[in-house]
Amino acid sequence: MKQPDEGNLFTDLMEFGPAPTMAREVVVIVISIALFGVVFALVGPTVLLFVAAAVAAVFLGVRFAIGLRGWSRS
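> Which parts of the structure should I look at to understand the overall build of the protein chain?
When helices and strands are tallied, the protein chain shows 3 helices and 0 strands. Ordered by position from the N terminus, the helices and strands of the protein chain form the series α-α-α. In terms of principal-axis extent, the alpha carbons of the protein chain reach across some 40 × 20 × 15 Å. In the protein chain, which comprises 74 residues, the share counted as buried stands at 22%. About 5100 Å² of surface is accessible on the protein chain, with carbon and sulfur atoms providing 77% of the total. Of note, the protein chain has its 5 positive side-chain charges centred 7 Å away from the centre of its 5 negative side-chain charges.

Here it is, written out as structure tokens:
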């Protein structure tokens, strides 16, 4: 895991692994939810969008869980 002073919000959003701090990871989750809300408003309710949202939710949850292990050691 990176050090908290490495990277920025953009790199936190684009990486597969968790952000260096819990606060930055929560910001990533909130921004991801907002982006899905915008896409949902533009596209409308479709099965593909619900599947993508479910996959993203699982991914963000796993990312957060992996981060909890690293954040507790710091």
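> What am I meant to see in the pattern of salt bridges here?
Pairing between side chains becomes possible if they bear opposite charge and their charged atoms approach one another. Following the criterion strictly, the structure yields 2 salt bridges and no others. The closest approach of N and O atoms between R24 and D12, which form a salt bridge, is 2.7 Å. A residue pair is termed long-range when its members are at least 10 positions apart, and R24 in helix α2 (residues 22-43) and D12 in helix α1 (residues 9-14) qualify at 12 residues. Residue D12 is classed as buried on the basis of its relative accessible area of 1%. Taking the shortest distance from any N to any O, the salt bridge between R63 and E25 comes out at 2.9 Å. Placement of the pair is R63 in helix α3 (residues 47-73) and E25 in helix α2, with a sequence separation of 38 residues.

Reading the values: the criteria
- Residues numbered from 1 in each chain as written.
- Predicted model: local features only at pLDDT ≥ 70, side-chain atom pairs only at ≥ 80, totals over all residues.
- Heavy atoms only, no water.
- Helix = DSSP H or I, 4+ residues; strand = E, 2+ residues; numbered from the N terminus.
- Buried < 20%, exposed > 50% of the residue type's maximum accessible area, 1.4 Å probe, protein only.
- Areas by Shrake-Rupley, 256 points an atom, 1.4 Å probe, with all protein chains shown as cover.
- Lys, Arg positive; Asp, Glu negative; His and termini not counted.
- Charge placed at Lys NZ, Arg CZ, Asp CG, Glu CD.
- Salt bridge = Lys/Arg side-chain N within 4 Å of Asp/Glu carboxyl O.

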